[in-house]
Amino acid sequence: MPATLGLYLLAALAEIAGCFAFWAWLRLGRSVLWLVPGIAALALFAWLLTRVEADFAGRAYAAYGGIYVAASVGWLWMTEGQMPTRLDLLGAGLCIAGTLVIVAGARA
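Residues numbered from 1 in each chain as written. Predicted model: local features only at pLDDT ≥ 70, side-chain atom pairs only at ≥ 80, totals over all residues. Heavy atoms only, no water.

## Observations regarding the packing of helix 3 (residues 57-78) against helix 4 (residues 86-107)
The condition is simple: Think of each axis as a best-fit line through the C-alpha atoms, taken over the contacting stretch in the case of a helix, with angles from 0 to 180 degrees between the N-to-C directions. Secondary structure elements follow DSSP: runs of H or I of four or more residues count as helices, runs of E of two or more count as strands, with numbering from the N terminus. Should an angle lie under 35 degrees it is considered roughly parallel, over 145 roughly antiparallel, and from 65 to 115 roughly perpendicular; all remaining angles are considered oblique. By convention the crossing between two helices is left-handed if the near helix lies anticlockwise of the far one by an angle smaller than a right angle, and right-handed if it lies clockwise. Contact criterion: two residues are considered in contact whenever any of their non-hydrogen atoms come within 4.5 Å of each other. Residues were grouped as follows: Ala, Val, Leu, Ile, Met, Phe, Trp, Tyr, Cys and Pro as nonpolar; Asp, Glu, Lys and Arg as charged; and all remaining residues, including Gly, as polar.
Closest axis-to-axis distance for the helix 3/helix 4 pair is 8 Å, and the angle between their directions is 155°. One finds that helix 3 runs roughly antiparallel with respect to helix 4. Considering how the two elements wind past one another, helix 3 and helix 4 form a crossing that is left-handed. For the pair formed by helix 3 and helix 4, the contact residues are Arg59, Ala62, Ala63, Gly66, Ile67, Val69, Ala70, Val73 and Leu76 on the first element and Asp88, Leu89, Ala92, Cys95, Ile96, Thr99, Ile102, Val103 and Ala106 on the second. Split into classes, the residues belonging to the contact of helix 3 with helix 4 amount to 14 nonpolar, 2 polar and 2 charged.

Here it is, written out as structure tokens:
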């Protein structure tokens, strides 16, 4: 399970970075060149999710969702300098709990 969670974390960072590149271009007025690493990051994200040991893509994606939410809250704090609220942290914790249930249930 640690390898799976590590892959999910790397995938989340790649997805968030790729999506942020589009955000920076469209919402923050950055150069269209931000899309080059953004597209590469999104391709890396998709590739990383295929490395997860899972019998079904849908289950892999569902479990990944919790990691994505928690990583997004971390991005909010560490990259954008916005301190998460208690409810942000509670929501992220609930999502992580859901991820662990899905991953453990798939192995049972």
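From this point, the discussion proceeds with the structure in view.
## Re a nonpolar patch on the surface
Our working definition: Patch membership requires over 30% relative accessible area and the absence of a salt bridge. Like charges are linked within 9 Å, and nonpolar side chains (Val, Leu, Ile, Met, Phe, Trp, Tyr) within 5 Å. Surface accessibility follows the Shrake-Rupley procedure with a 1.4 Å probe radius. Residue values consider only the protein chains on display as shielding. The salt bridge criterion pairs a side-chain nitrogen of Lys or Arg with a carboxyl oxygen of Asp or Glu, the two atoms within 4 Å. Relative accessible area decides the class of each residue, using a 1.4 Å probe on protein chains only: under 20% of the type maximum gives buried, over 50% gives exposed, and in between gives partly exposed.
A cluster of nonpolar side chains, namely Trp25, Leu26, Val32, Leu33, Trp34 and Val36, defines an oily patch on the protein surface of about 600 Å² accessible area. Within the fold, Val36 resides in helix 2 (residues 35-50). With a relative accessible area of 57%, Val36 lands in the exposed category.

## Notes on the environment of Thr99
By secondary structure assignment, the location of Thr99 is in helix 4. By relative accessible area, Thr99 is classed as buried at 2%. With sequence-adjacent residues up to four places away left out, Thr99 is seen in contact with Leu5, Ala63, Gly66 and Ile67.

## Things to note about the packing of helix 1 (residues 2-27) against helix 2
Packed helices, taken two at a time, are described by their axes: the angle between them and the distance between them. Where helix 1 contacts helix 2, the axes come no closer than 8 Å and their chain directions differ by 155°. With respect to helix 2, the element helix 1 is oriented roughly antiparallel. In this structure, helix 1 meets helix 2 at a crossing whose hand is left-handed. Here Leu7, Tyr8, Leu10, Ala11, Ala14, Glu15, Ala17, Gly18, Cys19, Ala21, Phe22 and Trp25 of helix 1 come into contact with helix 2, specifically with Leu35, Gly38, Ile39, Ala41, Leu42, Leu44, Phe45, Leu48 and Leu49. Of the residues that constitute the contact of helix 1 with helix 2, the class distribution is 18 nonpolar, 2 polar and 1 charged.

## Comments concerning the confidence of the model for the chain
So the rule is basically this: As a per-residue measure, pLDDT reflects the predictor's confidence and takes values from 0 up to 100.
Summing up the model confidence of the chain, the mean pLDDT is 93 and the portion of residues at 70 or higher is 98%. Within the chain, helix 2 carries the highest mean pLDDT (97), whereas helix 4 carries the lowest (91).

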